[in-house]
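Take a look at the letters that make up each chain.
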Amino acid sequence: MTKEKKVKIKVEKRLLWEESYFHVSIPDTDNERIIELYRKMREKDPEGVRNSNYGGWQADIKKGECDELDKLLERLENAATRIYNSGYEKNYKLKISNAWFNANLNCDSNHIHTHPGAFLSGVYYVTDSTEENGPLFFNRMNGHGMGINAHRGDEPNTGPIAINYAGNISCRNKASQ
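A quick note: this is a predicted structure, and the numbers were derived from the prediction, not measured.

What counts, and at which threshold
- Residues numbered from 1 in each chain as written.
- Predicted model: local features only at pLDDT ≥ 70, side-chain atom pairs only at ≥ 80, totals over all residues.
- Heavy atoms only, no water.
- Helix = DSSP H or I, 4+ residues; strand = E, 2+ residues; numbered from the N terminus.
- Polar contact = N/O pair within 3.5 Å; in protein donor to acceptor, adjacent residues only side chain to side chain.
- Contact = heavy atoms within 4.5 Å.
- Salt bridge = Lys/Arg side-chain N within 4 Å of Asp/Glu carboxyl O.
- Buried < 20%, exposed > 50% of the residue type's maximum accessible area, 1.4 Å probe, protein only.
- Patch = residues over 30% accessible without salt bridge, like charges linked within 9 Å, V, L, I, M, F, W, Y side chains within 5 Å.
- Areas by Shrake-Rupley, 256 points an atom, 1.4 Å probe, with all protein chains shown as cover.
- Pairing = 2+ DSSP bridges.

J.: Please set out the side chain of Asn 53 residue by residue, giving values where relevant.
T.: Note that Asn 53 resides in strand β2 (residues 53-54). A distance of 3.3 Å separates the side chain of Asn 53 from the backbone oxygen of Val 49, its partner in a polar contact. Polar side-chain contacts of Asn 53 include one of 2.9 Å to the backbone nitrogen of Asn 51. Discounting chain neighbours no more than four positions away, the residues touching Asn 53 are Gln 58, Asn 102, Ser 109, Asn 110 and His 111.

J.: Which residues make up the pattern of salt bridges, and what values do they have?
T.: Side chains that differ in sign of charge can pair as their charged atoms come close. Under the counting rule described, the total for this entry stands at four salt bridges. Lys 63 is paired through a salt bridge with Glu 77; the nearest N and O atoms lie 3.0 Å apart. Of this pair, Lys 63 sits in the loop between β3 (57-61) and α2 (67-88) while Glu 77 sits in helix α2, and the two are 14 residues apart along the sequence. Accessibility expressed as a relative area gives 3% for Glu 77, which makes it buried. Glu 68 serves as the salt-bridge partner of Lys 71, at 3.3 Å between the closest nitrogen and oxygen. Residue Lys 71 and its partner Glu 68 are located together in helix α2, separated by three residues, close to a single helical turn. A relative accessible area of 6% means that Glu 68 is categorised as buried. By sharing partners, the salt bridges in this structure join Arg 33, Glu 68 and Lys 71 into a single network.

J.: Now, about a nonpolar patch on the surface: what can you tell me, with residues and values included?
T.: Together, Val 7, Ile 9 and Val 11 make up an exposed nonpolar region whose accessible area comes to about 380 Å². Here Val 11 is to be found in the segment before β1 (21-24). The class for Val 11 is exposed, based on a relative accessible area of 77%.

J.: Describe the pairing of β3, naming the residues involved and giving the relevant values.
T.: In terms of burial, β3 is a largely internal element, four of the five residues being buried. Examined bridge by bridge, β3 and strand β4 (residues 99-103) share five bridges and lie antiparallel to one another. Counted as the bridge partner of Gln 58 is Asn 102 from β4.

Okay, here's the thing in structure tokens:
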């Protein structure tokens, strides 16, 4: 048997893309007026809908229900447009295709989910109560059977919004337990 020559193998990590989320501040939003709309909607429909929530309460919101909410949605569209266009070097005007109220109390949560067909997804905290909201978790599962599963979280803050590219990362909002 011949002795094999030692070969120095060089391994180098190269970044194909970066996964991140954007923390965007939306100034001068009257959250109390948005909370008033939430209370009216919840009083009118105490059951809400069941989409991604375990417990808690969800309901779709639409433009035209509250001036303050309309102003916020317009600002969110502008922020999303700026993020998308800078990331993809495009000149598009993005629109919010759907939005909803989500209220989780102790032991309520939202299951891990994605938003198929969305360029971006976002969460805006009307209140920053950690007791009521709990942290927002991002979950990345793309190990293709290798069991790679990464979790990252962030605490809620009133006003700032977390926006992420919707394709590879799913999110979950979990109330304190």
